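Observations on the model geometry
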Amino acid sequence: MSDNNMEESKMYKLAKGRGVMNLPNKLTISRVVMIPIFILFFYLDFTAHYIVALAVFGIASLTDLLDGKIARKYNLVTNLGKFLDPIADKVLVLSALVVFLTKPEIFTSVGVWAMIVAGCGVVLILAREIIVSGFRMVAAGAGKVIAADIFGKYKTVTQDVAVVVLLIGEAVRELTAHSAGLIINYIGLCFFALSVLLTVISGINYIVKNIEVLKQ
């Protein structure tokens, strides 16, 4: 192959890699595809189905770590990726929390009242995401970019940890009669409560810092 042909081949591969359907965007889309698969295995009644659901959730969460790093490292950031990535993250976690509400035993291990508290917590998380998304949309129309705050990042981490720990707890309780499953469940509920608290703090912080957006 001549030098010109080799150069053209490299340019073609580079352009193809930076296209809309590049690797980071494919990873993001795969995360969306894995959401119904996670829900399917969560509800299927067979031995260790919670472990399979946990594996699917873990792989989906891993794609969230990879797509952003790859996009930034190889300059593959696209508008499609900016649009899809946060949506995929939020829908993945919210889907897990919503299906958890259909399994009362996940929350009622500390009392029946916990279901009411958990339902309110999930609503607060959903409301925060809608409010912040609305703020960002209005700000974008005014030519302003609202960056993620530190509380929002901690909120995301604690939500992911809560989902993972609660799934582990249910898997242990399903497969064994050992009290370890209940202890793990308590730990998961603590992380869930912390994630709700950080959600509220993060939402208030966004509003206070960007209130001028609504005054324009």
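Conventions we followed
- Residues numbered from 1 in each chain as written.
- Predicted model: local features only at pLDDT ≥ 70, side-chain atom pairs only at ≥ 80, totals over all residues.
- Heavy atoms only, no water.
- Core = buried A, V, L, I, M, F, W, Y, C linked by side-chain atoms within 4.5 Å.
- Buried < 20%, exposed > 50% of the residue type's maximum accessible area, 1.4 Å probe, protein only.
- Helix = DSSP H or I, 4+ residues; strand = E, 2+ residues; numbered from the N terminus.
- Contact = heavy atoms within 4.5 Å.
- Expected span 1.5 Å × (residues − 1).
- 1 Å grid on protein atoms, 1.4 Å probe; cavity = no way out; pocket = protein on both sides within 12 Å on 5 of 7 lines; lining within 4 Å.
- Points joined across faces, edges and corners; volume = space filled by probe spheres on them.
- Nonpolar A, V, L, I, M, F, W, Y, C, P; charged D, E, K, R; others polar.
- Disulfide = S-S within 2.5 Å.
- Phe/Tyr/Trp six-rings, centres within 6.5 Å; stacked < 30°, edge-to-face > 60°.
- Salt bridge = Lys/Arg side-chain N within 4 Å of Asp/Glu carboxyl O.

**Re the nonpolar core**
By size, the foremost hydrophobic cluster in this structure holds 31 residues, and its most contacted members are Phe38, Phe42, Leu97, Phe100, Phe107, Leu167 and Phe192. If you list the elements that add at least two residues to this core, you get α2 (23-43), α3 (49-73), α4 (79-101), α5 (113-141), α6 (150-175) and α7 (180-209). The element contributing the most residues to this core is α4, with 7 residues. If near-sequence neighbours (up to four positions away) are discounted, Phe100 is found in contact with Phe42, Ile106, Phe107, Val163, Leu166 and Leu167.

**A short note on α5**
In this model, α5 (29 residues) spans 43 Å end to end at C-alpha, consistent with the 42 Å of a helix rising 1.5 Å per residue. One or two steps after α5, the chain reaches Gly143, where phi turns positive at roughly 80°.

**Focus: the layout of surface pockets**
Where empty space is left can be seen by rolling a probe of water-molecule size over the atoms. Space inside the largest pocket adds up to approximately 1,200 Å³. Surrounding the largest pocket, 40 residues form its lining, Asp64, Arg72, Asp85, Pro86 and Asp89 being those nearest its centre. Considering every element that reaches the lining of the largest pocket, the biggest residue donor is α4, with 11 residues. Per-class residue counts for the lining of the largest pocket are 15 nonpolar, 10 polar and 15 charged. The calculated volume of the second largest pocket comes to roughly 470 Å³. Together, 19 residues line the second largest pocket, and Lys82, Pro86, Lys90, Ser133 and Arg136 are the ones closest to its centre. Residue assignment for the lining of the second largest pocket shows that the elements contributing at least two residues are α4 and α5. Taken together, the residues that form the lining of the second largest pocket break down as 13 nonpolar, 1 polar and 5 charged.

**A word on the state of the cysteines**
Summed over the entire model, instances satisfying the criterion amount to 0 disulfides. Note on Cys190: no disulfide assigned, nearest cysteine sulfur contributed by Cys120 at a separation of 18 Å. With a relative accessible area of 56%, Cys190 lands in the exposed category.

**Looking at α3**
Spanning 25 residues, α3 covers 36 Å between terminal C-alpha atoms, matching the ideal 36 Å at 1.5 Å per step. Within two residues after α3, Asn75 carries a phi angle of roughly 55°, on the positive side.

**Quick word on the packing of aromatic side chains**
The description of an aromatic ring pair rests on the distance of the ring centres and on the angle between the ring planes. All chains considered together, the criterion is met by 7 aromatic pairs. Ring pairs connect the aromatic residues Phe38, Phe42, Tyr43, Tyr50, Phe57 and Phe100, which therefore count as one cluster.

**Comments concerning the pattern of salt bridges**
Considering all chains together, one arrives at 8 salt bridges under this definition. The salt bridge involving Asp67 is made with Arg31; its shortest N-O contact spans 3.1 Å. Residue Asp67 is located in helix α3, and its partner Arg31 is located in helix α2; the two are separated by 36 residues in the primary sequence. The pair Asp67 / Arg31 is uniform in exposure class, with both members buried. Between Glu129 and Lys155 there is a salt bridge; the shortest N-O distance is 2.8 Å. A residue pair is termed long-range when its members are at least 10 positions apart, and Glu129 in helix α5 and Lys155 in helix α6 qualify at 26 residues. Taken as a pair, Glu129 and Lys155 share a single burial class, namely buried.

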